[in-house]
Amino acid sequence: MSYHCWFECIRGCGRRYSIYDVVYRCEDCGGLLDVEHDLEALKDRSPAEWKQLFEQRTRTNQWPYGSGVWGKKEWVCPQVENENVVSMYEGHTNCFWAERLGKEIGVPDLWVKLCGNSHTGSFKDLGMTVLVSVVKQMMADGKPIRAVACASTGDTSAALAAYAAAAGIPAVILLPRGKVSTAQLVQPIANGALVLALDTDFDGCMRIVQELTTDPTIYLANSMNSLRMEGQKTVGIEIVQQFDWEVPDWIIIPVGNLGNVSALGKGLLMMRELGLIDKLPRIACAQAERANPLYLSYLTGFQEYRPVKAQKTLASAIQIGDPVSYERAVKVLRAFEGIVEQASEDELANAAARADRTGMYCCPHTGVALAVLFKLVERGQIKPSDRVVVISTAHGLKFTNFKVGYHDQNLDEVISRHANPPLELRADYSAVSEAINRAFGY
Ligand SMILES: *Cc1c(COP(=O)(O)O)cnc(C)c1O
Ligand SMILES: [Zn+2]
């Protein structure tokens, strides 16, 4: 059976392109392009057969199907030849029962999908494997591509640099100077990318990379390019698969450029279309109060949308004022009875720290999602019997300065309610034993 996908204008004007065309917007109406699949062809397998196929490939080593993304290749990007797939076996991240935290807040069926347990430490790997594979295929077919390029708040560049290096393709990275964590900055440096730190914010980098990539030999790797969404959409499919094909009640996701929530929705809608599920979860988007254009638009029922100037936030990967995938995300929120909530710096930092006390190690963006979870539970919008999945988007170890600042109690606008600084003591038995007694109240 020949499965097939293509680019199609999201505004419904009908314009289509090959996924091997170097094009990021509809040339008729300026709309973004989505990847669409021949769903009729995909209906040649029954829902049970798809489930069985996906299960059978999970964690096998049959190239490239052991990857969480490429194990669903027919749904993601069927045309790419297996020999051109660039994969580091991303996906299949753990979705674990956050038992203690859930019980503390009165929602015992709470789960965390740890997308940061991945090759470069964030969910961005899921999309980048697809985009870089398509570029490798294009180059193998003789397209004159010199490099891949992206603007980034840190994690996109880490993923692009790693996958491009794995494929032997040059990468150009545009970062807002001083606005990404040290770990995020050093990742593309280590992978040999050309790293350009610019005196602007993410939105400023985004404008320049869009201009740069009007040159068709420099291929755009931002999520405006919907190939990334094809990989990222597996996160929703994987969550359902991890619950033995049961759909949770809520999925909470931190959002910035709005590519990931659009992808989450896309994967779940595809599952419903192909009969693997018959209901949808509700989706809650979590924004940082200091970069909240989606939240403000939500308050108007999505009647109005105004880009904002994103303010500095600890949740640096979502410090975005003019999200590229706004239209896509609104469609998803409408289909999933979605809601949008925001979190202040104090709320996100304390939410992350509170969860850390139950054994997690949350990045600030996961802190935003958890703070929103706490609000929705308090407000009764999430019920005690609901099954809730929080998407953790990056590994906490990428954000050491955030953690250190919190426990040193020197983050702006944050009162560290769970600070746990080390006690510095004389190297002396009685000092140590006294400290233990004091700490545990013996
Ligand atoms: C990219 C990113 C996000 C936001 O995803 P969008 O697709 O931009 O909405 C959230 N958290 C982390 C850690 C990220 O790297
Ligand atoms: Zn169009």
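Before reading further, recall that the structure is shown in the block above.
Because the structure is predicted, anything quoted here is derived from the model rather than measured.

Cut-off values and rules
Residues numbered from 1 in each chain as written. Chains lettered and ligands numbered in written order. Predicted model: local features only at pLDDT ≥ 70, side-chain atom pairs only at ≥ 80, totals over all residues. Heavy atoms only, no water. Helix = DSSP H or I, 4+ residues; strand = E, 2+ residues; numbered from the N terminus. Buried < 20%, exposed > 50% of the residue type's maximum accessible area, 1.4 Å probe, protein only. Lys, Arg positive; Asp, Glu negative; His and termini not counted. Charge placed at Lys NZ, Arg CZ, Asp CG, Glu CD. Patch = residues over 30% accessible without salt bridge, like charges linked within 9 Å, V, L, I, M, F, W, Y side chains within 5 Å. Areas by Shrake-Rupley, 256 points an atom, 1.4 Å probe, with all protein chains shown as cover. Salt bridge = Lys/Arg side-chain N within 4 Å of Asp/Glu carboxyl O. Donors = N, O, S within 2.8 Å, 3.2 Å for Na, K, Ca; no water. Tetrahedral: all angles 85-135°; square planar, octahedral: opposite > 155°, others 65-115°. Pairing = 2+ DSSP bridges. Axes fitted to C-alpha atoms, helices over the stretch in contact; angles between N-to-C directions. Contact = heavy atoms within 4.5 Å. Expected span 1.5 Å × (residues − 1). Near = heavy atom within 4 Å. Polar contact = N/O pair within 3.5 Å; in protein donor to acceptor, adjacent residues only side chain to side chain. Nonpolar A, V, L, I, M, F, W, Y, C, P; charged D, E, K, R; others polar. Parallel < 35°, antiparallel > 145°, perpendicular 65-115°, else oblique. Left-handed = near helix turned anticlockwise from the far one by under 90°. Phe/Tyr/Trp six-rings, centres within 6.5 Å; stacked < 30°, edge-to-face > 60°. Lys NZ or Arg CZ within 6 Å of the ring centre and 35° of its normal.

1. Comments concerning the overall build of the chain
The helix and strand tally for the chain stands at 17 helices and 13 strands. Its C-alpha atoms give the chain principal-axis dimensions of roughly 70 × 50 × 45 Å. Going through the 442 residues of the chain one by one, you find that 60% of them count as buried. Between the averaged position of the 45 positive side-chain charges in the chain and that of its 51 negative side-chain charges there is a distance of 1 Å.

2. Some remarks on a nonpolar patch on the surface
Together, L423, L425, V432, I436, F440 and Y442 make up a nonpolar patch on the protein surface, roughly 680 Å² of accessible area in all. Take L425: it is sitting in the loop between helix 16 (400-407) and helix 17 (429-440). By relative accessible area, L425 is classed as partly exposed at 45%.

3. Details of the coordination of the zinc ion (ligand 2)
Protein-derived ligands of the zinc ion (ligand 2) are C9 (SG), C13 (SG), C26 (SG) and C29 (SG), with the metal-ligand distances lying across 2.3 Å. Note that the zinc ion (ligand 2) binds four donor atoms; their angles at the metal cover 94 to 129°, and the shape is tetrahedral.

4. Considerations on the pattern of salt bridges
Using the criterion set out here, one finds 29 salt bridges in the structure. Among the salt bridges present, the one from K43 reaches E40, with a minimum N-O distance of 3.4 Å. Residue classification places E40 among the exposed residues on the basis of a relative accessible area of 57%. D201 is the partner of K309 in a salt bridge, and the nearest nitrogen-oxygen pair spans 3.0 Å. Placement of the pair is K309 in the loop between helix 12 (293-299) and helix 13 (326-335) and D201 in the loop between strand 8 (194-198) and helix 8 (202-212), with a sequence separation of 108 residues. It is possible to trace a salt-bridge network through shared partners that takes in R15, E27 and D28.

5. Considerations on the environment of I105
With respect to the secondary-structure elements, I105 resides in helix 4 (residues 99-105). Given a relative accessible area of 14%, I105 falls into the buried group. Along the backbone, I105 and V377 are 272 residues apart, and their C-alpha atoms lie at a distance of 7.6 Å.

6. Some details on the sheet that holds strand 1 (residues 5-9)
Here three strands make up an open sheet; going across it, the order is 2-1-3 and the pairing antiparallel. One side of each edge strand has no neighbouring strand; the edge strands of this open sheet are strand 2 (16-17) and strand 3 (33-37).

7. A look at unusual backbone geometry
A cis amide bond links W63 with the next residue in sequence, P64, at an omega value of -10°. One can find P64 in the loop between helix 2 (47-57) and helix 3 (73-76). In this structure, R59 takes a positive phi of about 60° despite not being glycine. By the element assignment, R59 lies in the loop between helix 2 and helix 3.

8. Concerning the sheet that holds strand 7 (residues 171-176)
Overall, parallel pairing links the four strands, which are arranged 8-7-6-9 in an open sheet. Here the strands that pair on one side only, and so sit at the sheet edges, are strand 8 and strand 9 (218-220). This sheet shows a mean twist of 25° between the axes of neighbouring strands, independent of strand direction. Contacting strand 6 (147-151) and strand 7, helix 6 (residues 155-167) crosses the sheet at an angle of about 170° to strand 6.

9. Observations regarding helix 17
End to end, helix 17 covers 17 Å across twelve residues, agreeing with the expected 16 Å (1.5 Å per residue, within 8%). Immediately beyond the C-terminal end of helix 17, within one or two residues, lies G441, with a positive phi of roughly 65°.

10. Quick notes on the site of ligand 1
Around ligand 1, the surrounding shell holds 15 residues, and the nearest of these are K124, D155, N257, N260 and T393. L258 has a polar backbone atom sitting 2.8 Å from an oxygen atom of ligand 1. T393 has a polar side-chain atom sitting 2.8 Å from a nitrogen atom of ligand 1. In isolation ligand 1 has 380 Å² of accessible area, and contact with the protein removes 97% of it. The class makeup of the residues in the shell around ligand 1 is seven nonpolar, six polar and two charged.

11. Thoughts on the packing of helix 5 (residues 124-140) against helix 6
Close contact between helix 5 and helix 6 brings their axes to 9 Å; oriented N to C, the two are set at 40°. In terms of their interaxial angle, helix 5 and helix 6 are classed as oblique. For helix 5 against helix 6, the interelement crossing comes out right-handed. From helix 5, K124, D125, M128, T129, V132 and K136 reach across to helix 6, where they touch D155, T156, A159, L160, Y163, A164 and A167. Looking at the contact of helix 5 with helix 6 residue by residue, the classes come out as seven nonpolar, two polar and four charged.

12. Things to note about the side chain of R57
When you line up the elements, R57 lands in helix 2. On the basis of relative accessible area, R57 is assigned to the buried category, the value being 9%. Among the polar contacts listed, one links the side chain of R57 to the side chain of E74, at a separation of 2.8 Å.

13. Details of the packing of aromatic side chains
Under the criterion given, the structure shown has nine aromatic pairs. Pairing F54 with W75 gives two aromatic rings, centres 5.3 Å apart and planes at 75°, and the pair type is edge-to-face. With F54 in helix 2 and W75 in helix 3, this pair connects stretches of sequence that are 21 residues apart. Taking the relative accessible area as the measure of exposure, F54 reaches 2% and is therefore buried. Chaining the aromatic ring pairs together yields one cluster made of Y3, W50, F54 and W75. Taking NZ or CZ as reference, K72 lies 5.2 Å from the ring centre of F54, over its face. The ring of F374 carries R354 above its face, with NZ or CZ at 4.9 Å from the centroid.

Geometry only, nothing functional implied.
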